[in-house]
Number of protein chains: 2
Amino acid sequence: MLTQIGKNAKKAERVLMTAPLVLRNRALGEIARALRESCAYITAENGKDIENARAKGMSASMLDRLSLDEKRIEAIASAVESIIALPDPLGRVLSGGVRPNGMKIEKVSVPLGVIAVIFEARPNVTVDAAALCLKSGNTVILRGGKEAICSNKAMASVMRGALAKAGLPEDCIQLVEDTTRESATALMKMNSYVDVLIPRGGAGLISACVQNSTVPVIETGTGNCHIYIDKDADVKKAVSIVNNAKTSRPSVCNACESLVVHSAVAEEILPLIKKALDEKNVIIHGDEKCAEIIQDVVPATQEDYAREYLGYEISVKVVSGIEEAIDHIMQYSSGHSECIVTENYTAANLFTAGVDAAAVYVNASTRFTDGGEFGFGAEIGISTQKLHARGPLGLPELTTVKYIITGDGQIR
Amino acid sequence: MLTQIGKNAKKAERVLMTAPLVLRNRALGEIARALRESCAYITAENGKDIENARAKGMSASMLDRLSLDEKRIEAIASAVESIIALPDPLGRVLSGGVRPNGMKIEKVSVPLGVIAVIFEARPNVTVDAAALCLKSGNTVILRGGKEAICSNKAMASVMRGALAKAGLPEDCIQLVEDTTRESATALMKMNSYVDVLIPRGGAGLISACVQNSTVPVIETGTGNCHIYIDKDADVKKAVSIVNNAKTSRPSVCNACESLVVHSAVAEEILPLIKKALDEKNVIIHGDEKCAEIIQDVVPATQEDYAREYLGYEISVKVVSGIEEAIDHIMQYSSGHSECIVTENYTAANLFTAGVDAAAVYVNASTRFTDGGEFGFGAEIGISTQKLHARGPLGLPELTTVKYIITGDGQIR
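Described below are features of the structure shown in this document. (Residues numbered from 1 in each chain as written. Chains lettered and ligands numbered in written order. Predicted model: local features only at pLDDT ≥ 70, side-chain atom pairs only at ≥ 80, totals over all residues. Heavy atoms only, no water.)

So, the overall build of chain A
Here comes step 1: Within chain A one finds 15 helices and 16 strands.
Here comes step 2: Here the C-alpha radius of gyration of chain A, 24 Å, is about what a compact globule of 412 residues would show, namely 22 Å.
Here comes step 3: Seen through its C-alpha atoms, chain A measures out along the principal axes to roughly 70 × 70 × 35 Å.
Here comes step 4: Counting only residues that meet the buried cut, chain A has 59% of its 412 residues in that class.
Here comes step 5: The long-range share in chain A, meaning contacts at least 24 apart out of those at least 6 apart in sequence, stands at 72%.
Here comes step 6: The centroid of the 44 positive side-chain charges in chain A is displaced by 8 Å from the centroid of its 50 negative side-chain charges. (Helix = DSSP H or I, 4+ residues; strand = E, 2+ residues; numbered from the N terminus. Rg over C-alpha atoms; globule rule 2.2 N^0.38 Å. Buried < 20%, exposed > 50% of the residue type's maximum accessible area, 1.4 Å probe, protein only. Contact = heavy atoms within 4.5 Å. Lys, Arg positive; Asp, Glu negative; His and termini not counted. Charge placed at Lys NZ, Arg CZ, Asp CG, Glu CD.)

Quick word on the side chain of B:Lys237
Here comes step 1: Tracing the backbone through its elements, the reader meets B:Lys237 in helix H10 (residues 235-247).
Here comes step 2: With residues near it in sequence (within four places) discarded, B:Lys237 still touches A:Asp408, A:Gly409, B:Val341 and B:Glu343.

Digging into helix H7 (residues 149-166) of chain A
All names here are of chain A.
Here comes step 1: With 18 residues, H7 should reach 26 Å at 1.5 Å per residue; the first-to-last C-alpha distance of 25 Å fits that figure.
Here comes step 2: Taken together, the buried positions of H7 are occupied by Ile149, Cys150, Ser151, Asn152, Ala154, Met155, Ala156, Val158, Met159, Ala162, Leu163 and Ala166.
Here comes step 3: The elements touched by buried residues of H7 are helix H2 (21-37), helix H3 (39-55), strand E3 (114-119), helix H6 (124-135), strand E4 (139-143) and strand E5 (173-175).
Here comes step 4: Of the residues one or two after H7, Gly167 is the one with positive phi, at around 90 degrees. (Expected span 1.5 Å × (residues − 1).)

Considerations on the interface of chain A and chain B
Here comes step 1: Contacts between the two partners involve 75 residues from chain A, matched on the other side by 75 residues from chain B.
Here comes step 2: Counting the surface lost from both chain A and chain B, the interface buries some 5,900 Å², and carbon and sulfur atoms represent 54% of this.
Here comes step 3: Scanning the region where chain A abuts chain B turns up 10 salt bridges.
Here comes step 4: Put simply, chain A and chain B have 39 residue pairs in polar contact (both at pLDDT 80 or more) between them.
Here comes step 5: Among the residues making up the side of chain A that touches chain B, the classes are represented as 32 nonpolar, 25 polar and 18 charged.
Here comes step 6: As judged from the 5 bridges shared by strand E16 (residues 399-410) of chain A and strand E13 (residues 359-364) of chain B, these two strands associate in the parallel manner. (Buried area = accessible area lost by both parts, 1.4 Å probe. Salt bridge = Lys/Arg side-chain N within 4 Å of Asp/Glu carboxyl O. Polar contact = N/O pair within 3.5 Å; in protein donor to acceptor, adjacent residues only side chain to side chain. Nonpolar A, V, L, I, M, F, W, Y, C, P; charged D, E, K, R; others polar. Pairing = 2+ DSSP bridges.)

Notes on the packing of helix H2 (residues 21-37) of chain B against helix H6 (residues 124-135) of chain B
Residue and element names in this part refer to chain B.
Here comes step 1: Interaxial distance between H2 and H6 falls to 9 Å at its minimum, and their mutual angle equals 160 degrees. Regarding the angle of H2 to H6, the classification is roughly antiparallel. Here H2 and H6 pass one another in a crossing that is right-handed. Every residue of H6 that contacts H2 at Leu21, Arg24, Asn25, Ala27, Leu28, Ile31 and Leu35 is listed here: Val127, Ala131, Leu134 and Lys135. (Axes fitted to C-alpha atoms, helices over the stretch in contact; angles between N-to-C directions. Parallel < 35°, antiparallel > 145°, perpendicular 65-115°, else oblique. Left-handed = near helix turned anticlockwise from the far one by under 90°.)

Points about the pattern of salt bridges
Here comes step 1: Summed over the entire model, instances satisfying the criterion amount to 54 salt bridges over all chains.
Here comes step 2: A salt bridge links A:Lys10 to A:Glu13; the shortest N-O distance between them is 2.8 Å. Of this pair, A:Lys10 and A:Glu13 are both found in helix H1 (residues 2-16), 3 residues apart, which corresponds to roughly one turn of the helix.
Here comes step 3: The exposure class of A:Lys10 is partly exposed, given its relative accessible area of 23%.
Here comes step 4: Bridged by salt links that share partners, the residues A:Lys10, A:Glu13, A:Asp195, B:Asp356, B:Lys386 and B:Arg390 form one connected network.

Quick notes on the relation of the copies chain A and chain B
Here comes step 1: You can overlay chain A on chain B at an RMSD of 0.0 Å; the transform is a turn of 180 degrees with a shift of 0.0 Å along its axis. In symmetry terms, the pair is related by a two-fold rotation axis. Among all C-alpha atoms of chain A, that of A:His388 lies closest to the rotation axis, at 1.7 Å. (Least-squares fit on C-alpha atoms with pLDDT ≥ 70 in both.)

Overview of the packing of aromatic side chains
Here comes step 1: This model, assessed by the stated rule, comprises 10 aromatic pairs over all chains.
Here comes step 2: Centroid distance A:Phe376 to B:Tyr403: 6.1 Å. Interplanar angle 55 degrees. Geometry classified as tilted. You can see A:Phe376 sitting in the loop between strand E13 (359-364) and strand E14 (382-383) and its partner B:Tyr403 sitting in strand E16 (residues 399-410), one on each of two chains.
Here comes step 3: Members of the aromatic cluster, joined through ring pairs, are A:Phe374, A:Phe376 and B:Tyr403. (Phe/Tyr/Trp six-rings, centres within 6.5 Å; stacked < 30°, edge-to-face > 60°.)

Notes on unusual backbone geometry
Excluding glycine, residues mostly carry a negative phi; peptide bonds, for their part, are mostly trans.
All names here are of chain A.
Here comes step 1: Phi at Asp296 takes a positive value of approximately 55 degrees, unusual for a residue other than glycine.
Here comes step 2: Tracing the chain through its elements places Asp296 in the loop between helix H12 (288-293) and strand E10 (297-299).
Here comes step 3: Asp296 gets classed as exposed once you look at its relative accessible area, which sits at 62%.

Quick notes on the sheet that holds strand E7 (residues 225-229) of chain B
The strands that make up a sheet pair up through hydrogen bonds in the backbone, lying either parallel or antiparallel.
Here comes step 1: Strand order across the open sheet formed by 10 strands is E1(A)-E2(A)-E16(A)-E13(B)-E12(B)-E7(B)-E8(B)-E11(B)-E9(B)-E10(B), with mixed pairing between neighbours. Edge positions in the sheet fall to strand E1 (93-98) of chain A together with strand E10 (297-299) of chain B, since each has one partner strand and no second. Neighbour to neighbour, the strand axes of the sheet diverge by 25 degrees on average, direction disregarded.
Here comes step 2: Summarising the sheet, E7(B) and strand E12 (residues 337-341) of chain B pair through 4 bridges and their orientation is parallel. Within E12(B), the position partnered with B:His226 by the bridge is B:Glu338.

Description of the sheet that holds strand E6 (residues 196-200) of chain B
Residues and elements named next belong to chain B.
Here comes step 1: Pairing in this open sheet of 4 strands is parallel, and the strands run E5-E4-E3-E6 from one edge to the other. Only two strands of the sheet have a single neighbouring strand rather than two, namely strand E5 (173-175) and E6. For this sheet the average axis-to-axis angle between neighbouring strands, irrespective of direction, equals 20 degrees.
Here comes step 2: Taken together, the 5 bridges between strand E3 (residues 114-119) and strand E4 (residues 139-143) define a ladder with parallel strand orientation. Across the sheet, the residue bridging to Ile115 is Val140, located in E4.
Here comes step 3: In the packing of helix H7 (residues 149-166) onto the sheet, the strands contacted are E3 and E5, and the crossing angle to E5 comes to about 155 degrees.

So, in structure tokens, the structure goes:
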């Protein structure tokens, strides 16, 4: 069954690979239209998922994530249309030239091939991932969570119908209907049919993919993001950036999880930060020095420094200088987003050179690590690995390259 | 033990990551000098490997691969010096701009971090891989084959001494002295310390890495390369390219393993190709149509079409048109190098668009797929996977990126 899906994907790949932009964009337009037209059908199928989830006692916030209504489907359709407006990631000549023997070499961007996306209970990912893969000439195998299976089946069938209408193979988009753990594991081993695996979800899912996949994986998501407040920090900027990075949306991967403060400014700044964070009842896990300066500090453990709270909690460490700050960050960083607040030129440069992460900030909130905010127009996730792509994954990151060499009989 | 090597590598990474080019180049210069100065020591240690190998009955060609003499050490040292001359792959600003809110974003090339290289019995790889990693700011963990252990230990210790002399940590280059299968497998699971694994060797080694590694792998090497002779091929070019691609160095991955011939020209061209290949006693595994045209054809099986002979053998298939040729190639290609010989403009474009491989040639030998021939100056292997890098891996392919975002207090 899964093998057949793999074969179908490879077959469709051959067609999609050479489909010009106008055809891929037409298909995206048909998908947006079909989603709107099938709104009643999709919401009805989504209702079944909601009913099942409720019966199983799913939390209100999870139920909200799972729910689709007319407004959300309109938002999903609009997002597909916004992808139409983005430039073609394919066929870009990335470099080229003529070799001494007269051969011409061009390095050109081409699709990755077949992308498998394993995700959890957010049905909007189904369309989002499919649209990004389609635009970048990749066929996609979607494997969503069991909680959203009815919604996903409905949306996948609507999208497949739209592909056919546009003149592309339906199998450019396929959904794995088997939502057992076995189907996910099997997908991770389908090296003959799957070129790249992108997990979208929590730390457990991502770690399972890294551990079990023989297919190359793009690791996404985990963000243990730090803000270091240097001795030369502007106090106002520091408080505002920490408050924004921690509390504007604590459940996301670019939220700040840990604060590192220079001891020379800790007494001035920590009380101001505490005051700001208190408005959202943020729990502060601090070291001893932190606890000497502000009240209500829970003692921070090693685990705290390693933890991605994804909620209204933060760890705090007071350090004696920028070197100790960088050492601490490099020890606990997940390589997502790290920030220094400073007015000192040399400190800023030391930090951006010495901290190794996808995004390194000077005087700006870590919350900006996002494809939209970076100007990519769309993203399929945020890579925290170093191979292939790092940071927000836009359309160009869904391509690979091909060298095209043209000669007139050259031999070596 | 291996964990300690991992920790050392990560520690050295912190220093090497920010070492300017002048320091990395100085270290390369010291390495070249030290290799020349230690020639007697290295050849003596290599002599122990040769003695052991001979006692175990190693073949003459393998013994030759394993041997080091003054001339070969000079060649290795010269290769290190040629890497000094290459441009710095680090610190390149790949893109950048100012966001509407005034934040400046730069995408900059940075080292991958710690690279593990697992290789077999070619001692020149030890220095070659170490020098390329050093130039690109990566610390390296080398794990060579047991056949070359004395040679590798000697060269690694010489290189480590040179690093210290240049003022860089010795642990920028480490050798795993345990050459059991267990050490290789353990290295493949060291996600905390190893950022990327590059296997260099035969199909068995590469497949073991893909199957067992949880560390991201760059797959290198397997080349089942095809040449398709179109109906509009120039006969002379076709014969010359096939002869060169098959016989100039049959043991390498960019050698041609399979010939696909349009039926309209098979009767004219196959006898000429046979005549050329006969000079090297190339065994031809052909289909029925091929056997009707030329003599001494061994019947080709499915296995033949899938096989990388790496020797004086070739498979031949006669096809009815370019579509069948592309289908056949896509079925059996390992995604390395594929070639069309044609004077027809549309056929050339159909082929370069429809064949998905690292290198696609029109009218030139597949033997050109090589970092040196592509003008990269050096290569650490040829990637046949699509993630991260495809084709020859030069210095830029040993880097990843970091986004550096500088603001003046921006929040989201």
